[in-house]
Amino acid sequence: MLQSKSFMKMTRHGRAVKVVREHYLRDDIYCGVHFCKVCDSKDAPLGASASSTILVVDTNVVLHQMDLLENPAMEDVVILDVVMEEVKNKNLSVFNRLKALCTSSQRKFFIFYNEFHKDTYVKQMVGETSNDRNDRAIRVASQWYQNHLAGNCRVLLITNDRENKIKATEEGLLAETVESYVRSLGQPELLDLVVVSSSEDVNAMEVEDTRPSKRKAVYSEHKPMSEITQGLHRGIYHQGKLRVNRYNPFEAYVGSESIGDEIVIYGRSSMNRAFDGDIVAVELLPQDQWHDVKNLKIEEGSDDEDEDVHLVPGSADDAPRSAVPSAPSADKTNSASSRPSGKVIGIIKRNWQSYCGSLEAMPLPAGNGGVAHALFLSKDRRIPKIRIQTRQLGNLLKKRIIVAVDSWDCSSRYPSGHYVRAIGDIGDKKTEDEVILIENDINSRPFSAQVLACLPPLPWNLSPEDLTSFNRQDLRHLRVFSVDPPGCTDIDDALHCIALPNGNFEIGVHIADVTHFVHPDTPLDKEASQRGTSVYLVDRRIDMLPKPLTEDTCSLRADVDRLAFSVIWEMTPQAEIISTRFTKSVIKSCAALSYVEAQARMDDSRLVDALTTNLRNLNALAKIMRQRRIDRGALTLASAEVKFQIDTETLDPLDIGIYQIREANQMIEEFMLAANISVAEKILKHFPLCSLLRRHPTPTKEMLEPLLRITAAIGIDLDASSSKALADSLDRAVGNDPYFNKLIRILATRCMTQAVYFCSGDLSRQEFHHYGLATPLYTHFTSPIRRYADVIVHRLLAAALGISKLPPVFLDKGQLTSISDNLNYRHRNAQMASRASVELNTVIYFRKRPTDTEARIVKIRSNGFIVFVPKFGIEGPVYLAKRGEKTDWVVDETNQRVSKAGTGVSFRVLQAVKIHMEVVEPQPNRPKLELTLI
């Protein structure tokens, strides 16, 4: 049966055109109910018996009640095609969760294609809105199920749309609200998952803190979108993403392109119910209310949270991009240190997620199973407390739980949310590990059967077709070897070095040929694309690709034939590249060395074997290449990379220290950088509009200002006019302390933004530059086992060489940009998860090991200072005055010094101090590492 379906579509030039498409209707779409006598339903997922209730859910239920639908208690659920489409258009994240539910063999969910069934398809009537048409389609499909199953079971429409429910009842359908249905199940704990509507939320009992210092906050109404749009167009308002300061949740920053600076948002009231990551509209405050950078304390605000000890951040994305503001000071508003300040007047796009944390301790309600109103404290200090209702308070008080936000009315001090699920006991390492993954949106679920079906069978062996392919060169005769961290099993790079008769060298970088096994648009490829990167925690690795690929088939292990993608140069003894070629290859590694083993070989003068000679030749070339990069302006920055010794049984940390970088590490780094640059040049030449590259933006003067202020205070003139000038200045920044220069470089690293992936067609050529590496072009090619970006680049390079066709995705600029955005998001989250894992294990390590050690002051504040502990790579506050006390310490901003009036006692930035480190519990079940001055 053929129908025509028409809709209006906007062209690129803004013209509306009518599109008419043929719409085929069928009568053989089965219902998915197991006991149905009409359909062939032996494999149907729904209704194991005639006593089952078949649920047909409305779109509003899916959009707002996904946490409930994902609970195993919800079964025999029909998801209509019209509902799937509505959800996809309104919330892609919820759509993906719904799709996962419907495709899971463990859940009783079924998609019924009502839009293609001749008895359930409905045409939009004249004057009928799309929403009303879709509601009618849902009722028609529910009626069809009721008639089709001939009353053999109960068919129930679940909707929170009052009008749709009334019409359904009038049409003879059974219909209930979500809450009504859940109550009928006799499982009171499920009611905690029900999202309270915003109208109910306004009238719900407010949870207030009875302490006098805690007064109810009232927020301004958000402006309507029409007014926001006009204000943005006229330059009255400014749009940007809100970034809440990780170290002070009462300060936030909105990067605004319209004013070319970051706008400071100070205090919860000015944030006006915006969450970290929200796209907001901001109105600038009058200039006499702008904030000044002086007299800042370690922490500000009226909440009862303490400053935490953290692993040293890797970039300024963790903190303000410039000096942190303090409370306004009218007499200083015209100083150079004041910053544009503003307030949020509207939310353009919400970034609400599910959050991990615990409930604030409070008395249990009278009676068993009574409803309690509780406050949830997220582990992420940037998230405000969330008000929830629960019937299981007694069971949850000592648990890590997940809570989702539902609404935040302007009359409510806290956002309202609902309990999703418990993770485990607070303090349990397994629980805290899972919290880290959830907080950073890391997918640690086992790979699905569909993904695993894409893998080649094990053991994998080289086939005759692989050897005879004209696109692949047999390089197994070469002395290829790898150098990696100790215990590395996912080896994705290897090298070879040949001394040529003309005195030059042939150098080969061989990278695992992952794209030979991961084909575009397969379940395996889609999964890797979503995960984006492997994630490295202290005691485990969460793979982007299944282990049979990462540790066997693709891994360039010793003494086995493996497929590779090779970059081969001819180099002079001065490391000048004479020629470059690229080829798919077959290699057989002769050795898989650790950095320690490679370094030991190079240092042992008694060893003169071929492998050691190759290592020494490569190292000599790498030193020249490294110096040439530095001469061009590449920065030699530093980070505090922490290394743990882990108990193999308990997985608890036994020892902690800074990871040592050797020449062997730097040698491998140089050749990987060179390979990435060579590949970037090749793919951009062939595909100027769709290459995936990596850029590192030049830091602004404001971003470097904290570093310049510190170095100026200690008499060091740091020139940041260019990367070359900064690199030379850093080289000259030396002192008597052997750790001094590294500390300056760590502080410099923190002033940088993150490097990011981008599509070459999105930016101008000048914006491609990588500031840190001082190179005009860069990409990622050398770790396809661990990074999906490298998989994309392998496909681009193969197409540039004529080995394979360019996949269709590269013709869709919008999709490429979306992929780049996801890769940046996943890369960032993986870094944050790794850092959080180190912080967790640091607390566990010091829980039974109170320690006295040396630290360096890195930030001066009016009530103390922030210190960095070199031995353990962590940072935290040392207080000189107790919270709430009037401080008699005075900050000298110019000389970066804090002094106690009338005593002659003072502390200056970068000074070494002795501290005591000990784990304490200022609140029950909330351990923290406390640093105190000795």
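Residues numbered from 1 in each chain as written. Predicted model: local features only at pLDDT ≥ 70, side-chain atom pairs only at ≥ 80, totals over all residues. Heavy atoms only, no water.

On to the pattern of salt bridges. Under the counting rule described, the total for this entry stands at 54 salt bridges. Taking the shortest distance from any N to any O, the salt bridge between Lys399 and Asp425 comes out at 2.9 Å. Remark: Asp425 occurs in strand 18 (residues 416-425) and Lys399 occurs in strand 17 (residues 399-407); sequence separation between them is 26 residues. In this structure Lys399 comes out as partly exposed when scored by relative accessible area, which is 27%. With a closest N to O distance of 3.4 Å, Glu576 and Arg628 form a salt bridge. Of this pair, Glu576 sits in the loop between strand 25 (561-571) and strand 26 (577-594) while Arg628 sits in helix 18 (residues 610-632), placing them 52 residues apart in sequence. (Salt bridge = Lys/Arg side-chain N within 4 Å of Asp/Glu carboxyl O. Helix = DSSP H or I, 4+ residues; strand = E, 2+ residues; numbered from the N terminus. Buried < 20%, exposed > 50% of the residue type's maximum accessible area, 1.4 Å probe, protein only.)

The contact between helix 20 (residues 701-713) and helix 22 (residues 740-750) brings their axes to 8 Å, and the two run at 155°. Overall, the two elements helix 20 and helix 22 adopt an arrangement that is roughly antiparallel. Contacts between helix 20 and helix 22 involve Leu707, Ile710 and Thr711 from the first element and Ile744, Leu747 and Ala748 from the second. Within the contact of helix 20 with helix 22, the residues separate by chemical class into five nonpolar, one polar and no charged. (Axes fitted to C-alpha atoms, helices over the stretch in contact; angles between N-to-C directions. Parallel < 35°, antiparallel > 145°, perpendicular 65-115°, else oblique. Contact = heavy atoms within 4.5 Å. Nonpolar A, V, L, I, M, F, W, Y, C, P; charged D, E, K, R; others polar.)

Glancing now at the nonpolar core. Ranked by internal contacts, the top residues of the largest apolar core, which has 88 residues, are Ile507, Trp569 and Phe671. Ranked by size, the runner-up nonpolar core spans 57 residues in total, among them Val62, Val82, Leu98 and Leu149. (Core = buried A, V, L, I, M, F, W, Y, C linked by side-chain atoms within 4.5 Å.)

This brings us to the sheet that holds strand 5 (residues 109-112). Paired through backbone hydrogen bonds, the strands of a sheet run either parallel or antiparallel to each other. Spatially, 5-4-3-6-7 is the arrangement adopted by the five strands of the open sheet, whose pairing is parallel. With partners counted over all chains shown, the strands left at the sheet margins are strand 5 and strand 7 (174-176), one partner each. Strand-to-strand twist of the sheet, defined as the mean angle between neighbouring strand axes without regard to direction, takes the value 30°. In terms of strand pairing, strand 3 (residues 53-57) meets strand 4 (residues 77-80) through two bridges, oriented parallel. Its bridge partner lying in strand 4, Val56 is registered against Val78. Across the face of the sheet, helix 5 (residues 130-148) comes into contact with strand 3, strand 4, strand 5, strand 6 (154-158) and strand 7 while running at roughly 170° to strand 6. (Pairing = 2+ DSSP bridges.)

Look at the link from Leu458 to Pro459: it is a cis peptide, with omega at -5°. Even without being glycine, Ala774 reaches a positive phi, approximately 55°. Mapped onto the fold, Ala774 is located in the loop between strand 30 (756-759) and helix 23 (788-800).

For the rest of this paragraph, the subject is the packing of aromatic side chains. Following the criterion strictly, the structure yields 15 aromatic pairs and no others. Relative to Phe110, the ring of Tyr30 has its centre 5.4 Å away and its plane inclined at 75°; by these criteria the two rings are edge-to-face. Of this pair, Tyr30 sits in the loop between strand 2 (16-24) and strand 3 while Phe110 is found in strand 5, placing the two residues 80 residues apart along the sequence. For the ring pair Phe112 and Trp144, a centre distance of 4.9 Å and an interplane angle of 15° mean the geometry is stacked. Pair noted here: Phe112 is in strand 5 and Trp144 is in helix 5, with a separation of 32 residues, a long-range link. Three or more aromatic residues link up through ring pairs in this structure, and these residues are Tyr219, Phe275, Trp352, Tyr355 and Trp408. The positively charged end of Arg694 is found above the aromatic ring belonging to Tyr757, 4.5 Å away from the centroid. (Phe/Tyr/Trp six-rings, centres within 6.5 Å; stacked < 30°, edge-to-face > 60°. Lys NZ or Arg CZ within 6 Å of the ring centre and 35° of its normal.)

So, on to helix 15 (residues 523-531). The periodicity of an α-helix, 3.6 residues per turn, causes residues three or four positions apart to be oriented the same way. All buried positions along helix 15 are accounted for by Leu524, Asp525, Ala528, Ser529 and Arg531. Close packing links the buried residues of helix 15 with helix 13 (449-452), strand 24 (541-542), helix 16 (547-553), helix 23 and helix 24 (813-847).

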